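Here's the letter readout for the chains.
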Amino acid sequence: KSGFVAIVGRPNVGKSTLMNQAIGQKIAIMSDKPQTTRNKIHGVYTTDDTQIVFLDTPGIHKPNSKLGNYMVKAAEGALNEVDAILFLTDVTEPIGGGDRYIMEQLKKVTDTPVFLVLNKIDKIHPEAMLPVIEKFRKQMDFTEIVPVSALQGNNVNALLEQVSKYL
Ligand code: GDP
Ligand code: MG
């Protein structure tokens, strides 16, 4: 099996960290600067029977310039061509305008499974996750909802196994 998976989410939710954890290499540029990864950076996850090409997609945010506008268009194109989309969120922070804007974009995407990935579970009590899940569910339908810690690697393999079902 092989395919393309886009990782989307507002700045600092852990997109680069997740990709690095998944592929076990420091390919994406780790930074707190929102647009360090201006170009789509591809990371490849390979096992005996699976190959996943990750696209770290920074362009899904409200455009505030012509460049931003171009990035949003490029990102939209990418989202319709991939096999799955990982919408990454920081489970320790309330749903904000950034998350809502991304969900509006994701609702326009047809036929691509969208995973809600709740990241940074190492920072909260497991029970605190349930109300967060409920809130996201009210906003849109997700193909799968998977909690992870990209930093510590918790549940990342399970996420990859789920993803590989849609390749
Ligand atoms: P990006 O902007 O979405 O690519 O986010 P980064 O991958 O650069 O991560 C932003 C910050 O969050 C960094 O300081 C990471 O170390 C931290 N981070 C990412 N994932 C986790 C996680 O699962 N747990 C914790 N505690 N911190 C994380
Ligand atoms: Mg990044």
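Criteria and thresholds
- Residues numbered from 1 in each chain as written.
- Chains lettered and ligands numbered in written order.
- Predicted model: local features only at pLDDT ≥ 70, side-chain atom pairs only at ≥ 80, totals over all residues.
- Helix = DSSP H or I, 4+ residues; strand = E, 2+ residues; numbered from the N terminus.
- Buried ≥ 20, exposed ≤ 12 C-beta atoms within 10 Å, placed from the backbone.
- Contact = placed C-beta atoms within 7 Å.
- Core = buried A, V, L, I, M, F, W, Y, C linked by C-beta atoms within 7 Å.
- Near = placed C-beta within 6 Å.
- Nonpolar A, V, L, I, M, F, W, Y, C, P; charged D, E, K, R; others polar.
- Pairing = 2+ DSSP bridges.
- Right-handed = clockwise from strand over helix to strand, strands pointing away.
- pLDDT = per-residue confidence, 0-100.

Overview of the environment of Leu 167
Step number 1: Locating Leu 167 in the fold gives a position in the segment after helix H5 (156-164).
Step number 2: Look at Leu 167 and you get partly exposed, because 14 C-beta atoms sit within 10 Å.
Step number 3: Contacts of Leu 167, omitting those with residues within four sequence positions, involve Lys 1, Ser 2, Gly 3 and Asp 83.

Overview of the nonpolar core
Step number 1: Counting residues in hydrophobic clusters, the biggest one holds 32 residues, and the most contacted among them are Ile 7, Ile 85, Leu 86 and Phe 87.
Step number 2: Listing elements by their share of this core, those giving two or more residues are strand S1 (2-8), helix H1 (15-23), strand S3 (51-56), strand S4 (84-90), strand S5 (114-119) and H5.
Step number 3: Phe 87 has contacts with Val 8, Gly 9, Ile 102, Leu 106, Val 114, Phe 115, Leu 116 and Val 117, leaving out every residue within four places of it along the chain.

Points about the site of ligand 1
Step number 1: The environment of ligand 1 is made up of 17 residues, and the closest members are Gly 14, Lys 15, Ser 16, Thr 17 and Leu 151.
Step number 2: When residues of the shell around ligand 1 are assigned to their parent elements, the largest contribution, three residues, is made by H1.
Step number 3: For the shell around ligand 1, the per-class residue count stands at five nonpolar, eight polar and four charged.

Regarding the pairing of S5
Step number 1: With six of six residues buried, S5 is to be regarded as a mostly interior element.
Step number 2: The pairing of S4 with S5 spans six bridges and is parallel. Bridging across to S5, Ile 85 finds its partner in Val 114.
Step number 3: Note that the unit made of S4, helix H3 (residues 97-108) and S5 has a crossover that is right-handed.
Step number 4: With four bridges joining them, S5 and strand S6 (residues 144-147) adopt parallel strand pairing. From the neighbouring strand, Val 117 faces S6, where its bridge partner is Val 146.

Some details on the environment of Met 19
Step number 1: By the element assignment, Met 19 lies in helix H1.
Step number 2: Overall, the presence of 27 C-beta atoms within 10 Å leaves Met 19 in the buried class.

Section: the environment of Pro 147
Step number 1: Counting through the fold element by element, Pro 147 comes out in strand S6.
Step number 2: Assessed through the 20 C-beta atoms surrounding it within 10 Å, Pro 147 is described here as buried.
Step number 3: Spatially, the C-alpha atoms of Pro 147 and Asn 119 are 6.0 Å apart, while their sequence positions differ by 28 residues.
Step number 4: The contact partners of Pro 147, leaving out residues within four places of it in the chain, are Val 91, Leu 118, Ile 121, Met 129 and Asn 155.

Considerations on unusual backbone geometry
Step number 1: A positive phi angle, near 75 degrees, is found at Asn 12, a position not held by glycine.
Step number 2: Within the secondary structure, Asn 12 sits in the loop between S1 and H1.
Step number 3: Since 15 C-beta atoms lie within 10 Å of it, Asn 12 is described here as partly exposed.
Step number 4: The backbone of Asn 155 sits at a positive phi, close to 70 degrees, despite the residue not being glycine.
Step number 5: For Asn 155, the location among the structural elements is in the loop between S6 and H5.
Step number 6: A tally of 18 C-beta atoms within 10 Å means that Asn 155 is categorised as partly exposed.

Some remarks on the confidence of the model for the chain
Step number 1: Mean pLDDT over the chain: 84, with 78% of residues reaching 70 or higher.
Step number 2: Contacts from residues 29-33, a stretch scored under 50 in pLDDT, to residues over four places away or in other chains number seven contacts.
Step number 3: In this model residues 35-39 is a low-confidence stretch, pLDDT under 50, and it forms nine contacts with partners more than four residues away in sequence or in other chains.
Step number 4: The ipTM value of the predicted complex is 0.99, and its pTM value is 0.88.

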